[in-house]
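Listed below, chain by chain, are the residues.
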Amino acid sequence: AQTVTQSQPEMSVQEAETVTLSCTYDTSENNYYLFWYKQPPSRQMILVIRQEAYKQQNATENRFSVNFQKAAKSFSLKISDSQLGDTAMYFCAFVDYGQNFVFGPGTRLSVLP
Amino acid sequence: SAVISQKPSRDICQRGTSLTIQCQVDSQVTMMFWYRQQPGQSLTLIATANQGSEATYESGFVIDKFPISRPNLTFSTLTVSNMSPEDSSIYLCSALQGYYNEQFFGPGTRLTVL
């Protein structure tokens, strides 16, 4: 069975600084997708960024980028120029081609003014 | 991306009663999911709801307690039956959509059982 681990339950960063959230996963599949989801205190979960496992190039969405290391089964999220609105729970998630979804335990990020 | 709405957004219920949560998607989707989430915690999958077939429940969740309907490709309901204070939680619905098998989430229903 697939598993997703986020080793940092809580993190904080100063506004305008850069922060990296860690995620590791375990799977025997070769083809899958990885995601980072953000859940602000208002509760609605939104997709931040996605990565296809067969693509070596790291995904980037504005201030959000990932460092995808397939061999190491690592998928970290980097947030540049952190903003107060980035304060949220961040969930790493894995889905295989069979549509089996697994979420990590989450990292609570606080952006400090 | 799919836009998902849920009703009610929150409710306070008495022990022993039942509550039905509605989930509406603005486009047709094949798979919908129901999750439970304690504040500050990760998501726990309750069941997968497919149109035209019975829902598939995860270990620890049973149909008698959490009956689910999926009458069409845009709508689903989750009922929390015979509630106890332990059922107090946030209930989220989501839909699977897109080439990348992304999940899109509703805003959640915050349930408090007294």
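Quick look at the structure, then. Note on numbering: residues in each chain are counted from 1, in written sequence order. Chains carry letters and ligands carry numbers; both start at the beginning, A for chains and 1 for ligands, and go up in the order they are written. Thresholds applied to this predicted model are a pLDDT of at least 70 for local features of residues and 80 or more for the giving and counting of side-chain atom pairs; totals over whole chains, interfaces and linings are not thresholded and use all residues. To get the side-chain values, take all heavy atoms of the structure and skip hydrogens and water.

## Let's talk about the side chain of Ser 94 of chain B
All names here are of chain B.
Stage number 1. Position of Ser 94 relative to the elements: it lies in strand β9 (residues 89-97).
Stage number 2. As used in this structure description, the phrase polar contact means that two N or O atoms lie within 3.5 Å; if the pair is within protein, one of them must be able to donate a hydrogen and the other to accept it, and residues adjacent in sequence are counted only when both atoms belong to side chains. Within polar-contact distance, the side chain of Ser 94 engages the side chain of Gln 103 at 2.6 Å.
Stage number 3. When residues no more than four places from it in sequence are discounted, the contact partners of Ser 94 are Ile 4, Met 31, Met 32, Phe 33, Tyr 35, Gln 103, Phe 104 and Phe 105. Secondary structure follows DSSP: runs of H or I at least 4 residues long count as helices, runs of E at least 2 residues long count as strands, and numbering of each begins at the N terminus. Residue contacts follow a heavy-atom distance rule, with two residues in contact if any of their heavy atoms lie within 4.5 Å.

## So, unusual backbone geometry
Stage number 1. Each neighbour pair has its own omega, and for Lys 7 of chain B with Pro 8 of chain B the value is -5 degrees, a cis peptide bond.
Stage number 2. Within the secondary structure layout, Pro 8 of chain B lies in the loop between β1 (4-7) and β2 (10-13).
Stage number 3. Even without a glycine there, the phi angle at Asn 62 of chain A is positive, about 55 degrees.
Stage number 4. Locating Asn 62 of chain A in the fold gives a position in the loop between β7 (60-61) and β8 (64-69).
Stage number 5. Residue Lys 73 of chain A is not a glycine yet carries a positive backbone phi of 55 degrees.
Stage number 6. Each residue is placed in one exposure class: buried if its accessible area under a 1.4 Å probe, protein chains only, is under 20% of its type's maximum, exposed if it is over 50%, and partly exposed if it falls in between. We classify Lys 73 of chain A as partly exposed; its relative accessible area is 26%.

## Concerning the pairing of strand β5 (residues 32-39) of chain A
Two faces make up the sheet, and in a regular strand the side chains alternate between them.
All names here are of chain A.
Stage number 1. Burial analysis of β5 places eight of its eight residues in the buried class, which makes it a mostly covered element.
Stage number 2. Where burial is concerned, the two faces of β5 agree: the one with Tyr 32, Leu 34, Trp 36 and Lys 38 and the one with Tyr 33, Phe 35, Tyr 37 and Gln 39 are both buried.
Stage number 3. Examined bridge by bridge, β5 and strand β10 (residues 88-96) share eight bridges and lie antiparallel to one another. Counted as the bridge partner of Gln 39 is Met 89 from β10.
Stage number 4. We treat two strands as partners when DSSP finds at least two bridges between them. Across six bridges, the pairing between β5 and strand β6 (residues 46-52) is antiparallel.

## Examining the nonpolar core
Stage number 1. By convention a nonpolar core is built from buried Ala, Val, Leu, Ile, Met, Phe, Trp, Tyr and Cys residues, the set being connected through side-chain atoms within 4.5 Å. One finds Trp 34, Ile 46, Phe 66, Ile 68, Leu 78, Tyr 91 and Leu 111 of chain B to be the most contacted residues of the largest nonpolar core, which totals 27 residues.
Stage number 2. Broken down by secondary-structure element, the contributors of at least two residues to this core are β3 (19-25), β4 (31-37), β5 (43-50), β8 (75-80), β9 and β11 (109-113) of chain B.
Stage number 3. Here this core takes four residues from β3 of chain B, the largest share from any one element.
Stage number 4. Those residues in contact with Ile 46 of chain B that sit more than four places away from it in its chain are Trp 34, Tyr 35, Arg 36, Thr 56, Tyr 57, Glu 58, Phe 61, Phe 66, Leu 78 and Tyr 91 of chain B.
Stage number 5. With 26 residues, the next largest nonpolar core counts Val 19, Ala 59, Ile 79 and Cys 92 of chain A among its residues.

Taken by themselves, the reported measurements are silent on function.
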